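Below are the chains, spelled out letter by letter.
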Amino acid sequence: MTPRVRELARDLRFPEGPVVCADGSVLVSELAGGCITRIGPDGSRASFATTGGGPNGLARLPDGRMLVCQSGGSSWAARRWPFDLPGSVELTLPSGPSDIPEQPRLQVVEADGTVNTAVATFVARDGAVLPLGRPSDVCVDRTGGFWMTDSGAGHGRKRGLTGVLYGTPDFRLREVLFPLELPNGVALSPDGDLLYVVETRTRRVWEFSIGADGELEGARGLATVPSGGPLNFGGADGCCVDDHGRIIVATLGTGGISVFSPAGELLAALPLDDPMTTNVAFDARNHALVITLASTGRLVAIDDWPVAVLGHADE
């Protein structure tokens with residue numbers, strides 16, 4: 001069975017961080033556009049917030065406000081990926097610092113649409129107070145606290161090592177895990193007891209058990225996302241979890257999604273026609289899977305989950 005991929009929008013500027021709203025509209029960050037856009041069920045488009053810089057992962061707080069991972073922004077250029085070698089593909093990608101940089105931070109979009117800074121620093125595990133490097137993705141737990149990844153700022157041939165951060169509802173942010181290799185996607189199990197974190201370069205999906213007050217009590221390497229695409233290269237980006245605990249990972253290189261069982265078994269690898277498949281999200285009923293295809297600037301959806309991808313309904 002080949003799932004029908006329904007296009008919701010095109011000509012977006014490197015879309016990321018989809019969040020499906022109750023009315024069926026989708027909020028999507030435009031990393032190269034410095035804004036968050038609302039895509040209506042009919043394909044209409046409206047501005048939701050202007051963040052500046054490079055907004056990445058998004059998450060809704062219990063009171064309806066939106067959290068925004070402000071990466072700081074980049075300059076953009078067409079270049080061959082993954083290497084400047086024959087067999088690579090030419091994509092428009094981040095190419096260096098922005099001409100108008102923003103401070104990397106977590107922003108919050110208020111009910112009236114204004115954008116404020118929630119937090120720009122965190123307390124490291126050794127007690128030092130450090131600035132955020134390049135916030136990547138965020139998810140909110142049932143208490144209103146939130147989990148965040150920071151992929152780390154790069155400077156020439158150097159990149160900062162980072163980990164996983166936990167934020168309280170009053171935006172106190174602390175490091176709960178260090179180090180990880182370019183941590184990116186982050187999501188919770190349906191019961192909120194497990195945290196999944198995706199490392200882009202290793203393609204590893206980590207599973208962490210959560211204790212009291214956001215402390216992590218255990219870990220295991222759950223799975224590795226398949227490589228593919230140009231030069232059999234690849235990576236892993238954003239992720240989400242359905243109501244049966246399956247982990248869906250936006251897959252770089254091959255493009256598309258990889259689906260894992262709660263035990264780590266690869267259930268499906270669905271290729272799509274964009275090697276920069278950056279993030280995924282479900283609607284409220286776990287019926288439609290929304291996917292951002294960043295290098296081609298599209299937002300698409302696959303209906304009838306899980307039958308369309310796995311070939312069967314849940315029992």
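To be clear, the structure that these remarks concern was listed above.
Residues numbered from 1 in each chain as written. Predicted model: local features only at pLDDT ≥ 70, side-chain atom pairs only at ≥ 80, totals over all residues. Heavy atoms only, no water.

Caption draft 1: Main features of the pairing of strand E11 (residues 115-119). Where strand E10 (residues 105-109) meets E11, 4 bridges bridge the pair, whose relative direction is antiparallel. Considered in E11, the bridge of Val-108 is made with Asn-116. Between E10 and E11, which pair antiparallel in sequence order, lie 5 residues; one of them, Gly-113, sits at a positive phi of approximately 90 degrees. (Pairing = 2+ DSSP bridges. Helix = DSSP H or I, 4+ residues; strand = E, 2+ residues; numbered from the N terminus.)

Caption draft 2: Local environment of the environment of Leu-106. On the secondary structure map, Leu-106 appears in strand E10. The spacing of Leu-106 and Pro-55 is 51 residues in sequence and 9.4 Å in space, taken between C-alpha atoms.

Caption draft 3: Highlighting the nonpolar core. In terms of nonpolar packing, the biggest core is built from 19 residues, with Ile-248, Ile-257, Val-259, Val-280, Leu-289, Ile-291 and Val-309 touching the most fellow members. Among the secondary structure elements, those contributing two or more residues to this core are strand E25 (247-252), strand E26 (256-260), strand E27 (266-271), strand E28 (277-282), strand E29 (289-293), strand E30 (298-302) and helix H1 (307-310). Excluding anything up to four places from it in sequence, Val-259 contacts Arg-246, Ile-247, Ile-248, Glu-265, Leu-266, Leu-267, Ala-268, Trp-305, Val-309 and Leu-310. Grouped together as the second largest cluster of nonpolar side chains are 17 residues, Ala-59, Phe-122, Phe-146 and Leu-173 included. (Core = buried A, V, L, I, M, F, W, Y, C linked by side-chain atoms within 4.5 Å. Buried < 20%, exposed > 50% of the residue type's maximum accessible area, 1.4 Å probe, protein only. Contact = heavy atoms within 4.5 Å.)

Caption draft 4: Local environment of the sheet that holds strand E2 (residues 15-20). Pairing is antiparallel in the open sheet, where 4 strands are placed in the order E2-E3-E4-E5. Whereas interior strands pair on both sides, the edge strands pair on one side only; in this sheet they are E2 and strand E5 (45-50). Neighbour-to-neighbour, the strand axes of the sheet open up by a mean angle of 25 degrees, direction not taken into account. Bridge analysis of strand E4 (residues 35-39) against E5 gives 5 bridges, and the strand direction is antiparallel. Directly across from Ile-39, in E5, lies its bridge partner Arg-45. (Axes fitted to C-alpha atoms, helices over the stretch in contact; angles between N-to-C directions.)

Caption draft 5: How the structure looks around the sheet that holds E11. Strand order in this open sheet of 4 strands is E6-E7-E10-E11, and the pairing throughout is antiparallel. Two strands close off the open sheet at either side, each with one partner strand: strand E6 (55-60) and E11. In this sheet, adjacent strand axes meet at a mean angle of 30 degrees when their direction is disregarded. Strand direction decides the pairing type here: strand E7 (residues 66-70) and E10, joined by 5 bridges, are antiparallel. By the bridge assignment for E10, Gln-70 is matched with Arg-105.

Caption draft 6: Expanded view of the pattern of salt bridges. All chains considered together, the criterion is met by 15 salt bridges. Arg-246 is paired through a salt bridge with Asp-314; the nearest N and O atoms lie 2.8 Å apart. Residue Arg-246 is located in the loop between strand E24 (235-241) and E25, and its partner Asp-314 is located in the segment after H1; the two are separated by 68 residues in the primary sequence. You can call Arg-246 buried: its relative accessible area is 8%. (Salt bridge = Lys/Arg side-chain N within 4 Å of Asp/Glu carboxyl O.)

Caption draft 7: Summary view of the environment of Leu-194. Along the chain, the position of Leu-194 falls in strand E21 (residues 194-199). On the basis of relative accessible area, Leu-194 is assigned to the partly exposed category, the value being 25%. Taking C-alpha positions, Leu-194 is 26 Å from Asp-303, a pair spaced 109 residues apart along the chain.

Caption draft 8: Layout of the side chain of Gln-107. By the secondary structure assignment, Gln-107 is in strand E10. For Gln-107, the side chain forms a polar contact with the main-chain oxygen of Thr-51, separated by 3.4 Å. A polar side-chain atom of Gln-107 sits 3.2 Å from a polar atom in the side chain of Gln-70. Leaving out residues up to four positions away in the same chain, Gln-107 has contacts with Thr-51, Met-66, Leu-67, Val-68, Gln-70, Val-115, Asn-116, Thr-117 and Ala-118. (Polar contact = N/O pair within 3.5 Å; in protein donor to acceptor, adjacent residues only side chain to side chain.)

Caption draft 9: Here's a closer look at the state of the cysteines. Throughout the structure, instances matching the rule amount to 0 disulfides. Cys-35 takes part in no disulfide bond, and the closest cysteine sulfur, belonging to Cys-21, lies 15 Å away. The class of Cys-35 is buried, set by a relative accessible area of 17%. (Disulfide = S-S within 2.5 Å.)

Caption draft 10: Structural detail: a nonpolar patch on the surface. Among the surface-exposed residues, Phe-83, Leu-85, Leu-231 and Phe-233 lie close enough to one another that they form a single nonpolar patch of about 340 Å² accessible area. A relative accessible area of 40% places Phe-83 in the partly exposed class. (Patch = residues over 30% accessible without salt bridge, like charges linked within 9 Å, V, L, I, M, F, W, Y side chains within 5 Å. Areas by Shrake-Rupley, 256 points an atom, 1.4 Å probe, with all protein chains shown as cover.)

Caption draft 11: Fine view of the side chain of Ser-25. Of note, Ser-25 is situated in the loop between E2 and strand E3 (26-30). A relative accessible area of 1% means that Ser-25 is categorised as buried. Within the structure, Ser-25 has its side chain in polar contact with the side chain of Asp-23 (distance 2.6 Å). Polar contacts involving the side chain of Ser-25 include one to the side chain of Arg-38, which spans 2.9 Å. For Ser-25, the residues in contact, after removing those within four places along its chain, are Val-19, Val-20, Arg-38, Ile-39, Gly-40 and Pro-41.

Caption draft 12: Representation of unusual backbone geometry in the model. Geometrically, the link from Trp-81 to Pro-82 is a cis peptide bond, its omega value of 5 degrees lying close to zero. The residue Pro-82 is located in the loop between strand E8 (75-81) and strand E9 (89-96) in this model. Cis rather than trans, the peptide bond between Trp-305 and Pro-306 has omega equal to 0 degrees. Mapped onto the elements of the fold, Pro-306 is located in the loop between E30 and H1. Residue Asp-11 is not a glycine yet carries a positive backbone phi of 60 degrees. By secondary structure assignment, the location of Asp-11 is in the loop between strand E1 (5-9) and E2. One non-glycine residue, Phe-171, adopts positive backbone phi at about 65 degrees. Phe-171 sits in the buried class, given a relative accessible area of 16%.

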